[in-house]
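# Architecture and fold: a report
Chain by chain, the residues run as shown.
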Amino acid sequence: MNYGKLKFSHTCTNESEKYILVGSGKDYISEHDTPEEAAEALGKISIGESKWGHVRVLYPGETYTFEFSKRLYPDESYVDWSLE
């Protein structure tokens, strides 16, 4: 069975002089003075226990486009599952 797909994209531009952690392409997490501080903070985030599917460090002046897709499944509440 072929299901449809919905695609999202979100572009972030870091217009600061800081190193910014961004979660799931849209959430500001924290800012840091050096890339080493940002990497240390990134290492302390457990993706499995956080609300973000992924986290990225945006360098000063960097622009990044986060892309997401969601598979669309039919509404199965109306399916007759009887074996008759």
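The following refers to the structure shown. (Residues numbered from 1 in each chain as written. Predicted model: local features only at pLDDT ≥ 70, side-chain atom pairs only at ≥ 80, totals over all residues. Heavy atoms only, no water.)

### Examining the nonpolar core
In terms of nonpolar packing, the biggest core is built from 7 residues, these being Tyr19, Leu21, Ala38, Ala41, Trp52, Val55 and Val57. Breaking this core down by element, the ones donating at least two residues are strand 2 (19-23), helix 1 (35-43) and strand 4 (55-58). Setting aside chain neighbours within four positions, we find Trp52 in contact with Gly23, Ser24, Asp27, Ile29, Ile45 and Ile47. Membership of the second largest hydrophobic core comes to 5 residues, among which are Cys12, Ile20, Val22 and Leu58. (Core = buried A, V, L, I, M, F, W, Y, C linked by side-chain atoms within 4.5 Å. Buried < 20%, exposed > 50% of the residue type's maximum accessible area, 1.4 Å probe, protein only. Helix = DSSP H or I, 4+ residues; strand = E, 2+ residues; numbered from the N terminus. Contact = heavy atoms within 4.5 Å.)

### Here's the deal with the side chain of Asn14
Counting through the fold element by element, Asn14 comes out in the loop between strand 1 (4-13) and strand 2. Only 2.6 Å separates the side chain of Asn14 from the side chain of Ser16, close enough to count as a polar contact. A polar contact is formed between the side chain of Asn14 and the backbone oxygen of Tyr59, at a distance of 3.2 Å. In contact with Asn14, not counting residues within four places along its chain, are Tyr19, Ile20, Leu58, Tyr59, Pro60, Gly61 and Glu62. (Polar contact = N/O pair within 3.5 Å; in protein donor to acceptor, adjacent residues only side chain to side chain.)

### With respect to unusual backbone geometry
With phi around 50°, Ser24 is a residue other than glycine that occupies positive phi space. Tracing the backbone through its elements, the reader meets Ser24 in the loop between strand 2 and strand 3 (27-32).

### Some words on the sheet that holds strand 3
Spatially, the 3 strands line up as an open sheet ordered 3-2-4, and their pairing is antiparallel. The open sheet terminates on both sides in strands that have one partner only, identified here as strand 3 and strand 4. In this sheet, neighbouring strand axes are inclined to one another by 25° on average, regardless of whether the strands run parallel or antiparallel. Across 5 bridges, strand 2 lies against strand 3 in antiparallel orientation. If you follow Tyr19 over to strand 3, its bridge partner there is His32. Against the sheet, helix 1 engages strand 2, strand 3 and strand 4, with an angle of about 25° to strand 2. (Pairing = 2+ DSSP bridges. Axes fitted to C-alpha atoms, helices over the stretch in contact; angles between N-to-C directions.)

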